[in-house]
Amino acid sequence: MADMSGASTPAGATDMLDGADGVRRRDWIHIAALSTAGVGGASLLFPLVSQMAPSADVLAQSTSEVDVSAIEPGQAIKTTFRKQPLFVRRLTPKEIEEANAVDVGSLRDPQTLAERTLVGSENLLVTMGVCTHLGCVPLGAAAGEDRGDFGGYFCPCHGSHYDTAGRIRKGPAPKNLSVPEYAFKTDTVIRIG
Amino acid sequence: MSFAWAKQYEPKSAFTKWIDEKLPFPRLVYNAVGAGYPVPRNLNYMWNFGVLAGFCLMIQIITGVVLAMHYAANATVAFGTVEHIMRNVNYGWMLRYAHANGASFFFIVIYLHIFRGFFYSSYKAPREMIWLLGVVIFLLMMATAFMGYVLPWGQMSFWGAQVITGLFGAIPLVGEPLQIWLLGGFAPDNAALNRFFSLHFLLPFVIAGVVILHIWALHIPGSSNPTGVEVKSESDTVPFHPYYTSKDGFGLGVFLILFTAMVFFLPNALGHPDNYIEANPLSTPALIVPEWYFYPFYAILRAFTGDLTIPFTGIVLIPAKLLGVIGMFGSILVWFILPWLDKSPVRSGHYRPLFRKFFWFGLVPTMAALFYLGGTHAEEPYIMLSQFFTAYYFLHFLVILPIISQIEVPKPLPFSITEGVLGKAATTEAPRAGTVDGGDAGTLPDGSLQPAE
Amino acid sequence: MSIRLGGIIAGLAITLVLVLWSLVPGVYNFAFGPPAEKPASYAFYEHGEGPEGGYSFDGAMGKWDVGQLQRGYQVYKEVCSACHSLKFVAFRNLQQLGYTEAEVDAEANSWTVPGIDPNTGEATTLPGKPVDFFPSPYPNAIAAAAANNNAIPPDLSLMTKARHDGSAYVYDLLVGYGEADPEKAAKLGFETPPGLYFNKHFPNVNIAMPPPLVLDGQVTYADGTEATIPQMSADVAAFLTWTAEPSLIERKQTGWFVIGFLLFATMLAFLSYKQIWAGMKPKKN
């Protein structure tokens, strides 16, 4: 281009684009300007991405309180934690026995019942009611529901069976029902989250 | 089309060659805004605003899509969801203020872009189609902005919707049913809010489509320039990239500084406090005004206070309300015939002494006055002044411009753009910029024409 | 004289006549019409300027005065909240006023909010939790109107943004109560209608809100600040500025950072632009 019609090509273009003398003098200013613009553009992504994360009001909702005093042994209640179902179950001595009789080493997700409950209240099993397979709500919390082959919970979507400690025993789910962080706020009320 | 000397896109790697064969998109970009688009070398800063307007449209679409993720178009919760965005959503306040002020800055940029078109007669042949598409974009922008202002469902939103749809009620026979149809009810409510949201989301993409046509039409004759003399040879042009990409980049920086100063330090200065009061159908704010960018047209609307009657008979031909609506829409529609009203063969205002006088001392003060008057209370002397400037506005376009183009004796034009930039010497010898010593910038009618100033 | 030139001159003359004609009715009305009548109240309105010395959050470098916001909250709680809601603010937001999580918990507990009895499902009131929003003193707008002589006390969450120069406006309004100048009032036949109160900083000087702050020391500040009426007014106005825009200070600080970056980037863009165009400028002798 410059060779063919150099006479009519603006000199600036020749210097800048072709580097007529072989050295791109002061090219750094273009590089600096472009990279600064790149940094600016990239930092715009931060608010645009961050706005999709949970907002302040959603994060603030992330604790729940449950009164557990009225749950009889063998019963469970279904409540919510972070807009997800939460199962709180009072185990009978027989159920505790069943759970403890299992060889932990043979489990897909090895955990003992004691590891899944609070010290001093081993008969209170608090788990999320979210199947670890694909997120359905397992049956077994309400009276009369199918509790599966192991007397705990049964997820009807894809047939995962959980035992009385909420551990996965059969079916496609990879993990035990997760136990959220919680503590006794008073003797009868637990605070989750 | 392009000029014969436009650079050709030459893919270098095997990959870019493959792309070029299958989908020559990089070639399209290269020819549209890259080195393959030769642009007059003498564009001044007034030519920055086209690119800036495109950038504003992008800001609005990006922030708008994001805000729509949190907003709910339901009259019972709309105001609350906007507050939710302001208080709870991460950086929600920033996104919303950027969107609200982005609308204002979009209009500032567009008004300067139109102003450039008026002064340099960018609407004249062969660029009529670019101009017509531009007016269409402007009308779409006004519709989008109006509907967007309704969404926060504050007092101004509500009463703005009421008043603007009321304009359609002025149309004879079908007016009232039309207004009810537009609102989907007898007053603005859920139905209106939801359709405004839907259309407010849709229209920006329609605008983007028309913008593509606008740019396409621009590339047929190529950009105009401050001398108004058409490009004659290669020495008249420089490639868009890097010359105008760098200049637009700088312009963008200046624009963003002003924009962010507004967003972060005076975000509500261009808004109205009443819109922080939730919509209340039982109470009208003391002063109902649209957003500032509608003021000139609002002033024209309010200038028509009397019915058009047959003198001495009392027979009303057109009632005042309809006159105002016709006047307001007419004030923009008149731009559609502008290329055929101003028949002067000379484009640039620099070479048109009479046109320039009427431009600076007629049209510009009139627009400034209408901008001011649109925001005032409907009382004297503002009504009187609105009427005066409305009369001048229409006469300027419909009478003065056609007459000027008949009687004006233009100043001598430079032979070419290169001559306009470098002086006469440049056209006789090889016009290699930077090597020309005899160039005399003093012959320019306006020093700002030099590209490097 | 050619016909064409004649036509042009006639056209311009008609333009001039039409433009001037457009002025006639307005000028006539302005000169000979009845004078615009302004209500007598205009004679009593005084424009206020906000508290002396302004607020700590004023200006581009402003900061919250956390102590003032806490005092303002106390004034809202003990005085304003009897009639005015604050519906967009949650108790958890108080943490921004410098309260600890435990203090916010306790503060929320000291309010009662409408709720549902978990055992019977009946509507009841419960002690507030941090996630709850400030409760409205009235169950609905009709109750609010009925209790206040048909004037509904507005929600205060956004009050300072819903009025022009709102932070100053709230202060001015609270210190603007008093008596109309009796001499002037007698001359103009001005009287504050029954059920309304004279306030020189309210746009039509007759406001439905009874004076909320009437005594120095009406509120006993925890930090020992003397609770004069102007002090309480400024404090509550500052608090309401915070409720209207909790991100105010964050916004300004982000702004400095962004503009600083843009100045730097624009300077680089300018140098790059000049560099590219360097060869294009004609040399001057």
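The structure we're discussing is the one just above.
Residues numbered from 1 in each chain as written. Chains lettered and ligands numbered in written order. Predicted model: local features only at pLDDT ≥ 70, side-chain atom pairs only at ≥ 80, totals over all residues. Heavy atoms only, no water.

**Observations regarding the overall build of chain A**
When its secondary structure is counted, chain A shows five helices and nine strands. When the elements of chain A are put in sequence order from the N terminus, they spell out α-α-α-α-β-β-β-α-β-β-β-β-β-β. The 193 residues of chain A split such that 39% are buried. Summed over all atoms, the accessible surface of chain A reaches about 10300 Å², with 58% contributed by carbon and sulfur. (Helix = DSSP H or I, 4+ residues; strand = E, 2+ residues; numbered from the N terminus. Buried < 20%, exposed > 50% of the residue type's maximum accessible area, 1.4 Å probe, protein only. Areas by Shrake-Rupley, 256 points an atom, 1.4 Å probe, with all protein chains shown as cover.)

**Here we look at helix α9 (residues 190-219) of chain B**
For α9(B), with 30 residues, the first-to-last C-alpha span of 44 Å sits near the 44 Å given by 1.5 Å per residue. Looking only at α9(B), the buried set comprises B:Ala192, B:Leu193, B:Phe196, B:Phe197, B:His200, B:Leu203, B:Pro204, B:Ile207, B:Val210, B:His214, B:Ala217 and B:His219. (Expected span 1.5 Å × (residues − 1).)

**Quick word on the interface of chain C and chain B**
The interface is formed by 54 residues belonging to chain C together with 60 residues belonging to chain B. Of the roughly 5100 Å² buried at the junction of chain C and chain B (both faces included), carbon and sulfur atoms supply 69%. Linking chain C with chain B are one salt bridge. Residues B:Glu278 and C:Lys87 are paired through a salt bridge, measuring 3.2 Å at the closest nitrogen-oxygen approach. At the junction of chain C and chain B, the tally comes to eight residue pairs in polar contact (both at pLDDT 80 or more). Elements represented by at least two residues in the side of chain C that touches chain B include exactly α1 (3-21), α2 (24-32), α8 (229-244) and α9 (248-277) of chain C. Ranked by the residues each element gives to the side of chain C that touches chain B, the list is headed by α9(C), at 17 residues. Taken together, the residues that form the side of chain C that touches chain B break down as 27 nonpolar, 14 polar and 13 charged. (Contact = heavy atoms within 4.5 Å. Buried area = accessible area lost by both parts, 1.4 Å probe. Salt bridge = Lys/Arg side-chain N within 4 Å of Asp/Glu carboxyl O. Polar contact = N/O pair within 3.5 Å; in protein donor to acceptor, adjacent residues only side chain to side chain. Nonpolar A, V, L, I, M, F, W, Y, C, P; charged D, E, K, R; others polar.)

**Thoughts on the sheet that holds strand β6 (residues 160-163) of chain A**
Paired through their backbone hydrogen bonds, the strands of a sheet run either parallel or antiparallel. All names here are of chain A. Here three strands make up an open sheet; going across it, the order is β5-β6-β7 and the pairing antiparallel. Each having just a single partner strand, β5 (151-155) and β7 (168-170) make up the two edges of the open sheet. Shown here is a sheet whose adjacent strand axes are inclined to one another by a mean of 35°, direction ignored. Sheet topology note: the β5/β6 ladder contains four bridges and is antiparallel. When the sheet's bridge partners are listed, Gly-151 is paired in β6 with Asp-163. (Pairing = 2+ DSSP bridges. Axes fitted to C-alpha atoms, helices over the stretch in contact; angles between N-to-C directions.)

**Some remarks on the nonpolar core**
Counting 128 residues, the largest nonpolar core has B:Phe107, B:Phe118, B:Phe138, B:Trp335 and B:Phe397 as its most contacted members. Among residues more than four places away in sequence, those in contact with B:Phe118 are B:Tyr123, B:Trp131, B:Trp335, B:Leu338, B:Phe355, B:Phe359, B:Leu363 and B:Phe397. Formed by 44 residues, the second largest nonpolar core is a distinct cluster that contains C:Leu69, C:Leu94, C:Phe134 and C:Ile207. (Core = buried A, V, L, I, M, F, W, Y, C linked by side-chain atoms within 4.5 Å.)

**Description of the state of the cysteines**
Summed over the entire model, instances satisfying the criterion amount to one disulfide over all chains. Bridging A:Cys136 to A:Cys157, the disulfide has an S-S length of 2.0 Å. Residues A:Cys136 and A:Cys157 share a disulfide whose torsion about the S-S bond is about -100°; that sign makes it left-handed. One end of the pair, A:Cys136, is in the loop between β4 (124-128) and β5; the other, A:Cys157, is in the loop between β5 and β6, and 21 residues separate them in sequence. In this structure A:Cys155 is not part of a disulfide, and its nearest cysteine sulfur, from A:Cys131, lies 3.8 Å away. Exposure remark for A:Cys155: the relative accessible area of 2% places this residue in the buried category. The cysteine C:Cys80 is free of any disulfide, with C:Cys83 supplying the nearest cysteine sulfur at 9.1 Å. (Disulfide = S-S within 2.5 Å.)

**Describing the interface of chain C and chain A**
Facing the 14 residues of chain C at the interface are 18 residues of chain A. Between chain C and chain A, a total of about 1300 Å² is buried, with carbon and sulfur atoms accounting for 71% of that surface. Summed over the shared surface of chain C and chain A, the number is one residue pair in polar contact (both at pLDDT 80 or more). Examining the composition of the side of chain C that touches chain A, we find that nine residues originate from one element, α9(C), more than from any other. Along the lines of polarity and charge, the residues of the side of chain C that touches chain A split into nine nonpolar, three polar and two charged.

**Topic: the pairing of strand β9 (residues 189-192) of chain A**
Residues and elements named next belong to chain A. The pairing of strand β1 (residues 64-67) with β9 spans four bridges and is antiparallel. Its bridge partner being in β9, Glu-65 is matched across the sheet by Arg-191. Here strand β8 (residues 182-184) runs beside β9; their pairing, made up of three bridges, is antiparallel. Within the sheet, the bridge partner assigned to Ala-183 lies in β9 and is Arg-191. Between β8 and β9, which follow one another and run antiparallel, lie four residues.

**Digging into empty space enclosed by the protein**
Which parts of space are left empty comes out when a probe the size of a water molecule is rolled across the atoms. Residues and elements named next belong to chain B. The final tally for this structure, using the stated rule, is four cavities of 30 Å³ or more. Roughly 860 Å³ of volume is contained in the largest cavity. In terms of lining, the largest cavity is formed by 42 residues, of which the most central are His-99, Ala-100, Gly-148, Tyr-149 and His-200. Mapped by element, the contributors of at least two residues to the lining of the largest cavity are α3 (49-68), α4 (78-87), α5 (92-119), α6 (128-150) and α9. Examining the composition of the lining of the largest cavity, we find that nine residues originate from one element, α5, more than from any other. Residues of the lining of the largest cavity, tallied by class, amount to 28 nonpolar, twelve polar and two charged. (1 Å grid on protein atoms, 1.4 Å probe; cavity = no way out; pocket = protein on both sides within 12 Å on 5 of 7 lines; lining within 4 Å. Points joined across faces, edges and corners; volume = space filled by probe spheres on them.)

**Description of the sheet that holds β8(A)**
All names here are of chain A. The sheet built from three strands is open, its strands ordered β1-β9-β8 with antiparallel pairing. Every other strand in the sheet has two partners, leaving β1 and β8 as the edge strands with one partner each. Neighbour-to-neighbour, the strand axes of the sheet open up by a mean angle of 25°, direction not taken into account.

**Thoughts on the environment of B:Val231**
Residue and element names in this part refer to chain B. Relative to the helices and strands, Val-231 is located in the loop between α9 and β2 (237-239). Overall, Val-231 belongs to the buried group, its relative accessible area being 15%. Residues Val-231 and Phe-3 lie 228 residues apart in sequence; the distance between their C-alpha atoms is 9.1 Å. Ignoring any residue separated from it by four or fewer positions in sequence, one finds Val-231 in contact with Phe-3, Trp-5, Pro-40, Asp-236, Thr-237 and Ile-417.

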